[in-house]
Amino acid sequence: MIDAVVFDLDGVIVDSEKVWDDVREAYTREVGGTYTESATRDMMGMSSVEWSRYMAEALGVPGTPEEINAAIIERMLERYGADPPLIRGAVDAVRRVGARWPLAIASSSNPELIEVVLGAAGLRELFPVAVSSQEVPRGKPAPDVYIEAARRLGVDPPRAAAVEDSHNGIRSAKAAGMRVVVVPNPHFPPEAEAVAQADVVLASISELTPELIAG
């Protein structure tokens, strides 16, 4: 029995994974750091505290993690503007699901970016709960952000479903005990072993229906 649905944001509602990657890589090179081949996958799902520390320690980006985080978020907000790149079909899918269950966001994005996307999409009223990994001890693949989203909704995690797109996101939601619907990210596809953990795999967010979530 499903009592609530928790959506990831990046790669599910907004096509931002490539934007994050571009911004962090450009900034790293601009200030004299070294952007490695594994950096993109390493940082997927990390909280802002975790990826800013990673950029300082692993990529050699100068400045404190707090300074790095502020610089990246400033550039992300500039890229988003008032028109973030919403994924085709995502808004309608959220509204279909929200007509049946209470919803939450569980995202690695910073709170200010979550607000920009939900406001631009006209979805703020459907998400009484929006949790950033910045607000919990560990980012994805740890289950913290999903557990906190369920707690704020007042439901047990095993009675909630999650909608995800990434390797670490799938692992996070499964670790929380949730039913997982995955729409694999086309830019950074999750590995097969993570996809195999999902309960439902869709080709597009447009295919998402309450019936598929309920099972």
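Computed from a predicted structure; not experimentally measured.

S.K.: Honestly, helix α3 (residues 48-57) in this entry has me stumped. Any pointers?
M.R.: The α-helix winds at 3.6 residues per turn, so residues separated by three or four positions along the chain end up facing the same way. Taken together, the buried positions of α3 are Ser48, Trp51, Ser52, Tyr54 and Met55. Looking down the long axis of α3, one finds its buried residues gathered within 155° of arc, a one-sided arrangement.

S.K.: Is there a simple way to explain the nonpolar core in this structure?
M.R.: Side chains of nonpolar character tend, in soluble globular proteins, to be buried together. Grouped together as the largest cluster of nonpolar side chains are 51 residues, with contacts concentrated most on Val5, Phe7, Ile13, Phe127 and Leu208. A per-element tally of this core places helix α4 (residues 65-80) first, with six residues. Ignoring sequence-local partners within four residues, the contact set of leucine 208 consists of Phe7, Ala93, Arg96, Val97, Val163, Val181, Leu202 and Ile213. Formed by 23 residues, the second largest nonpolar core is a distinct cluster that contains Val131, Val145, Ala149 and Ala150.

S.K.: Explain the pattern of salt bridges to me, please; I cannot follow it from the model alone.
M.R.: Oppositely charged side chains may form a pair once their charged atoms are brought near each other. This model, assessed by the stated rule, comprises 14 salt bridges. The salt bridge partner of glutamate 148 is arginine 151, with a shortest N-O separation of 2.7 Å. You can see glutamate 148 and its partner arginine 151 sitting in helix α7 (residues 144-153), three residues apart, about one turn around the helix. A salt bridge links lysine 174 to aspartate 199, with the shortest nitrogen-to-oxygen separation between them at 3.3 Å. Residue lysine 174 is found in helix α8 (residues 167-175), and its partner aspartate 199 is found in the loop between α9 (192-195) and β6 (200-201); the two are separated by 25 residues along the sequence. Residue lysine 174 is classed as partly exposed on the basis of its relative accessible area of 27%. Aspartate 199 gets classed as partly exposed once you look at its relative accessible area, which sits at 38%. Here the salt bridges share partners, and the residues they tie into one network are Glu135, Glu148, Arg151 and Arg152.

S.K.: It is not clear to me how the side chain of aspartate 21 should be interpreted in this structure. Could you clarify?
M.R.: Its place among the elements puts aspartate 21 in helix α1 (residues 17-30). The side chain of aspartate 21 is buried and forms no salt bridge, while lysine 18, the nearest opposite charge, is found at 5.2 Å. A polar side-chain atom of aspartate 21 sits 2.7 Å from a polar atom in the side chain of tyrosine 35. In this structure aspartate 21 touches Tyr35, Thr40 and Phe188, once residues within four positions along its chain are discounted.

S.K.: I tried to follow the side chain of serine 172 on my own but got confused; where do I start?
M.R.: Along the chain, serine 172 turns up in helix α8. Note on serine 172: relative accessible area 0%, which makes it buried. Serine 172 has contacts with Lys140, Pro141, Ala142, Pro143, Val145 and Tyr146, leaving out every residue within four places of it along the chain.

S.K.: Sorry, what's going on with α1 here?
M.R.: Over its 14 residues, α1 extends 20 Å from the first C-alpha to the last, a length consistent with the 20 Å expected when each residue adds 1.5 Å. For α1, the full list of buried residues reads Glu17, Val19, Trp20, Asp21, Val23, Arg24, Tyr27 and Thr28. The inward-facing, buried residues of α1 abut α2 (39-43), α3, α4 and α6 (111-121). Glycine 32, located one to two residues past α1, shows a positive phi value of around 95°.

Reading the values: the criteria
Residues numbered from 1 in each chain as written. Predicted model: local features only at pLDDT ≥ 70, side-chain atom pairs only at ≥ 80, totals over all residues. Heavy atoms only, no water. Buried < 20%, exposed > 50% of the residue type's maximum accessible area, 1.4 Å probe, protein only. Helix = DSSP H or I, 4+ residues; strand = E, 2+ residues; numbered from the N terminus. Arc of directions from axis to C-beta. Core = buried A, V, L, I, M, F, W, Y, C linked by side-chain atoms within 4.5 Å. Contact = heavy atoms within 4.5 Å. Salt bridge = Lys/Arg side-chain N within 4 Å of Asp/Glu carboxyl O. Lys, Arg positive; Asp, Glu negative; His and termini not counted. Polar contact = N/O pair within 3.5 Å; in protein donor to acceptor, adjacent residues only side chain to side chain. Expected span 1.5 Å × (residues − 1).

So, to be careful, I would describe these as geometric facts and stop short of saying anything about function.
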